[in-house]
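Structural description and commentary
One-letter residues, chain by chain:
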Amino acid sequence: MRALTYHGKHDVRVDTHPDPQIVNPRDAIIEITSTAICGSDLHLYDGVIPAVLKGDILGHEFMGRVVEVGPSSTLQVGQRVIVPFTISCGQCFHCRNQEFSHCDNSNPAEKQDMSESLYGHPMSGLFGYSHMTGGYPGGQAEYVRVPFSDVGPLVVPDHLEDEKVLFLTDILSTGWMAADQATVEPGDTIVVWGAGPVGLFAAQSAVVMGAEQVISIDHHPHRLELARQIGAKVIDYTQTNVLEALLEMTGGQGPDAVIDAVGMESHGFENFNPIDTLKQKVGMGADRIGVLRQAILAVRKGGRVSVPGVYGGFSDKFPTGALMEKGLTLRTGQTHVQRYYRDLLKRIEEGQIDTTFLISHTMSLEDAAQGYKNFAYNQNEWTKVVLKPKWAKGRQEAGRANIANRAGLSSAPGSVPAGSGAVVDA
Amino acid sequence: MDQDRSDWLHQPRPTWPPESRDPISSDPGFSAVNRRIDEHLSQGRVSRLTDQLTEHKAVAAATVLGLGALAGLAAYSLMGPSQPQVQRHAEIPRLPDDAPGRTAKQARFGDYAVAGRSVTIDRPRQAIFEFWRDFRNLSKFMENIEDVREVSPGVTAWTIRAPLGMTMQVTSRIVNEKPGEQIAWRSTEDSQIETEGKVSFRDAPGGRGTIVEAHVAYRPPMGALGQMVAKVFSAEPSIQSRRDLKRLKMLLETGEIATNKNQRGEGGKFQKAVERDIQNNIAAV
């Protein structure tokens with residue numbers, strides 16, 4: 001089969017691998033119809049996640065048809081399923097408590113040592129996301145072996161096209177959990193750093209959950225436009241003093257909850273971020289936590305800090321003083337997809353949640369390397385890339401978020417930020 | 001009024017600016033000034049130069065602080081604890097704590113290499129006890145145990161993996177057994193290596209299953225073989241037992257042992273056991 005393969009930092013290629021087989025009794029083999037490049041794949045692409053090896057198949061957002069099942073799988077051949085990026089056994093302490101991304105049993109024993117010494121406890125298995133999380137071959141491929149297939153995959157109705165349900169596997173559920181962990185209450189202002197796919201879905205989720213005001217922060221105009229389209233107010237941090245603006249937009253009180261949907265590669269020259277960047281570049285295992293620092297300073301006293309953004313290593317100058325003295329609640333973690341996906345599927349069917357507004361490009365799996373490059377370096381225009389293993393090389397279609405389709409965006413001409421013209425350059 | 005007059009909440013609030021000091025509020029020029037201030041604020045986009053300077057100062061200060069801390073740490077690691085600190089520790093003896101002995105910072109077990117680990121498995125105590133009591137099951141989750149045969153009741157012959165593709169034979173006899181609670185075993189004299197072990201089972205609190213606590217000790221024999229054995233077992237005995245117990249948990253809770261291998265031949269020894277079963281039962285297109 002053909003699969004997107006890691007060769008090194010900023011070097012991914014589509015190579016030929018042997019087709020996967022049923023190895024354990026609860027396995028199933030899925031023929032993939034759609035798969036996507038996730039923002040967290042870019043952390044692998046940038047080489048800031050340890051234990052990604054040459055030859056690893058990436059990809060953890062995928063769906064398709066069941067073509068083969070092991071004797072203990074409850075799936076049936078021919079079923080159409082979406083597959084959560086977290087691999088969960090369903091029977092350990094954590095799975096029984098609906099903490100599916102903390103599964104004790106899905107990461108092979110010999111792969112657990114690294115995260116156990118780094119984090120004190122081993123991580124669970126994830127598809128296509130470094131050997132720290134099991135080194136499982138991922139889903140940017142024609143086929144994938146799905147362990148514990150009786151627990152993870154969710155059968156989806158045929159009348160919903162791939163694009164509508166694909167993001168249940170990760171980013172939609174992740175955005176939803178981010179808002180859920182932020183706890184949206186009547187009258188609340190929820191602020192989301194990052195208008196990437198997870199940030200956009202987190203903002204949309206907060207809107208759906210009834211937040212009074214949702215504010216998205218980014219620096220890419222087109223991504224901010226998408227955030228505005230789903231009902232968020234926007235702040236461009238290159239134009240505006242973020243902390244001051246957030247106070248002023250909340251009557252001086254500060255936002256009730258903040259969501260860091262950026263993670264370990266935050267941009268900008270504030271909040272000690274340049275030092276973090278330097279340490280990350282020289283391989284000191286450092287996270288860039290500029291956004292997290294700013295979010296903790298911004299949130300009101302007694303507020304909630306929700307972190308769906310990926311961090312992997314260590315950081316310093318973490319604002320412990322603000323965390324304690326302001327009485328903040330910090331909630332984090334990989335997504336417990338299986339806890340949310342049934343409810344979310346229902347909301348998609350009912351039209352409550354828009355899942356396709358952020359897709360900018362759909363292309364052949366064969367062109368995945370080009371997709372990675374553009375998603376990494378042309379973030380303003382390339383907001384979400386869907387890959388089709390069945391498409392011929394070179395075929396590419398514009399999604400609803402494609403700049404070429406700008407007329408389709410609902411943002412009115414008058415909604416361009418009024419202050420943006422007043423920037424003093426000199 | 002029937003309200004308590006001492007309640008400060010009902011006192012008239014002071015106003016600001018105090019009326020006596022507000023001569024310009026009646027000034028017609030005041031509102032014009034106010035408007036100019038408003039206009040100025042609404043533009044609000046002044047040069048960031050001052051901000052940046054402050055940032056640079058903050059960065060420099062942080063760097064100096066960090067270097068200072070590093071120097072302090074280096075001095076401590078070179079010179080060790082100070083004399084008064086050592087004295088304080090001598091004057092106030094340590095309280096023996098409740099942690100298992102194997103977690104002591106300085107532990108000695110004579111010639112033995114000892115590993116002890118515990119794991120919580122969400123299965124009934126009796127079921128786990130019976131699984132372990134049938135020693136032939138050990139090779140299903142223990143990396144270094146290739147095969148276990150029952151010689152006579154309570155006596156088993158183990159084939160243990162050694163470096164360079166060699167194997168060793170150990171005969172093991174159960175020396176203590178409390179049904180449902182504990183099993184202890186020791187190697188007999190004709191074994192190639194001296195080893196003993198103990199595993200205990202107790203109910204986990206809150207209906208969380210069973211806590212399995214295993215201790216394994218090896219005494220490497222003399223000679224070249226012993227050297228190699230020592231390397232295998234004493235190098236990472238705790239890691240090995242940790243992994244073994246994780247696999248036991250996987251097997252008993254989920255019925256299989258997780259692997260990232262995509263091909264049946266690559267699955268390793270833990271997948272071989274299930275392969276035949278799988279090959280006969282795959283449903284496919």
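Under an unreviewed UniProt entry, the name given to chain B is Coenzyme Q-binding protein COQ10 START domain-containing protein, and the source organism is Rubellimicrobium mesophilum DSM 19309. Under the UniProt heading Sequence similarities (unreviewed entry), the note attached to chain B is "Belongs to the ribosome association toxin RatA family."

Chain A appears in an unreviewed UniProt entry as Threonine dehydrogenase from Rubellimicrobium mesophilum DSM 19309. Quoted verbatim from the Sequence similarities (unreviewed entry) field of the UniProt record, the comment on chain A reads "Belongs to the zinc-containing alcohol dehydrogenase family." For the record of chain A, the UniProt heading Cofactor (unreviewed entry) holds the text "Zn(2+)".

1. So, the overall build of chain A
Scanning chain A for helices and strands turns up 13 helices and 16 strands. The 426 residues of chain A split such that 54% are buried. Across chain A, every contact between residues at least 6 apart in sequence was considered, and the portion connecting residues at least 24 apart equals 73%.

2. As for the environment of Phe270 of chain B
All names here are of chain B. As for its position among the elements, Phe270 is in helix α7 (residues 269–279). Given 22 C-beta atoms within 10 Å, Phe270 falls into the buried group. Apart from the residues lying within four places of it in its own chain, the contact partners of Phe270 are Arg247 and Ile257.

3. Observations concerning the interface of chain B and chain A
Contact with chain B, which involves 37 residues of that partner, is made by 42 residues of chain A. Looking at the side of chain B that touches chain A, the element that brings in the most residues is helix α6 (residues 237–254) of chain B, giving eight residues. Taken together, the residues that form the side of chain B that touches chain A break down as 12 nonpolar, 12 polar and 13 charged. Sheet analysis places strand β4 (residues 61–69) of chain A next to strand β8 (residues 283–284) of chain B, joined by two bridges and oriented antiparallel. When the sheet's bridge partners are listed, Val69 of chain A is paired in β8 of chain B with Ala283 of chain B.

4. Quick word on the confidence of the model for chain B
Residues and elements named next belong to chain B. Per-residue confidence for chain B gives a mean pLDDT of 77, with 70% of residues at or over 70. Here residues 1–6 is modelled with pLDDT under 50, and outside its nearest four sequence neighbours on either side it reaches one contact, counting other chains as well. With pLDDT under 50 throughout, residues 20–25 is counted as low confidence; its partners more than four residues away or in other chains account for three contacts. Quick note on the complex model: pTM equals 0.82, ipTM equals 0.89.

5. What to know about the sheet that holds strand β13 (residues 329–332) of chain A
Residue and element names in this part refer to chain A. Taken together, the six strands give an open sheet; going across it, the order is β10-β9-β8-β11-β12-β13, and neighbouring strands pair in parallel fashion. Each of the sheet's edge strands pairs with one partner strand only, and the pair in question is β10 (233–236) and β13. In this sheet, neighbouring strand axes are inclined to one another by 20 degrees on average, regardless of whether the strands run parallel or antiparallel. Direction of pairing for strand β12 (residues 304–307) relative to β13: parallel, over a ladder of four bridges. Within β13, the residue paired with Arg304 across the bridge is Thr329. On top of the sheet, helix α10 (residues 290–298) reaches β8 (189–193), β11 (257–260) and β12; it is set at about 175 degrees to β11, its chief contact.

6. What to know about the packing of helix α5 (residues 171–182) of chain A against helix α12 (residues 337–349) of chain A
Residues and elements named next belong to chain A. The geometry of α5 relative to α12 is characterised by a closest axis approach of 9 Å and an angle of 100 degrees between their N-to-C directions. With respect to α12, the axis of α5 lies roughly perpendicular. On α12, the residues that touch Leu172, Ser173, Trp176 and Met177 of α5 are Val337, Tyr340, Tyr341 and Leu344. In the contact of α5 with α12, the residues fall into seven nonpolar, one polar and no charged.

7. Observations regarding the confidence of the model for chain A
Looking at chain A, pLDDT values average 92 and 94% of them are 70 or higher. Low pLDDT, under 50, characterises residues 408–426 of chain A; the stretch is placed with 18 contacts to residues that sit more than four places away or in other chains.

8. Notes on the UniProt feature "domain: Alcohol dehydrogenase-like N-terminal" (unreviewed entry) in chain A
Annotation from UniProt places "domain: Alcohol dehydrogenase-like N-terminal" (unreviewed entry) at residues 25–153 of chain A. Segment residues 25–153 of chain A splits into 15% helix and 21% strand. End C-alpha atoms: 15 Å apart.

9. Side note on the UniProt feature "transmembrane region" (unreviewed entry) in chain B
Residues given the UniProt feature "transmembrane region" (unreviewed entry) here are residues 58–79 of chain B. Secondary structure across residues 58–79 of chain B comprises 100% helix and 0% strand; the distance between its end C-alpha atoms is 32 Å.

Cut-offs applied
Along each chain, numbering runs from 1 in the same order as the chain's sequence is written. Following the order in which they are written, the chains are lettered starting with A and the ligands numbered starting with 1. In keeping with the model being predicted, local features are shown solely for residues with a pLDDT of at least 70 and side-chain atom pairs are shown and tallied solely at 80 or more, while totals for entire chains, interfaces and linings include all residues. UniProt positions are given in the numbering used here, feature names are shortened, and annotations may be inferred rather than shown by experiment. Put simply, DSSP marks the helices as runs of H or I at least four residues long and the strands as runs of E at least two long, and each gets a number from the N terminus on. Burial is judged by counting the other C-beta atoms within 10 Å of a residue's own C-beta: 20 or more makes it buried, 12 or fewer makes it exposed, and any count in between marks it as partly exposed, with every C-beta position built from the backbone. Contact definition: two residues whose C-beta atoms, as placed from backbone geometry, lie within 7 Å. All amino acids are sorted into three groups, where Ala, Val, Leu, Ile, Met, Phe, Trp, Tyr, Cys and Pro are nonpolar, Asp, Glu, Lys and Arg are charged, and the leftover types, Gly among them, are polar. At least two bridges found by DSSP between two strands is the condition for calling them paired. Per residue, pLDDT measures the predictor's confidence, with a range of 0 to 100. Axes here mean lines fitted to C-alpha atoms, for a helix over just the part in contact, with angles spanning 0 to 180 degrees between N-to-C directions. For classification purposes, an angle smaller than 35 degrees is called roughly parallel, one larger than 145 roughly antiparallel, one from 65 to 115 roughly perpendicular, and anything else oblique.

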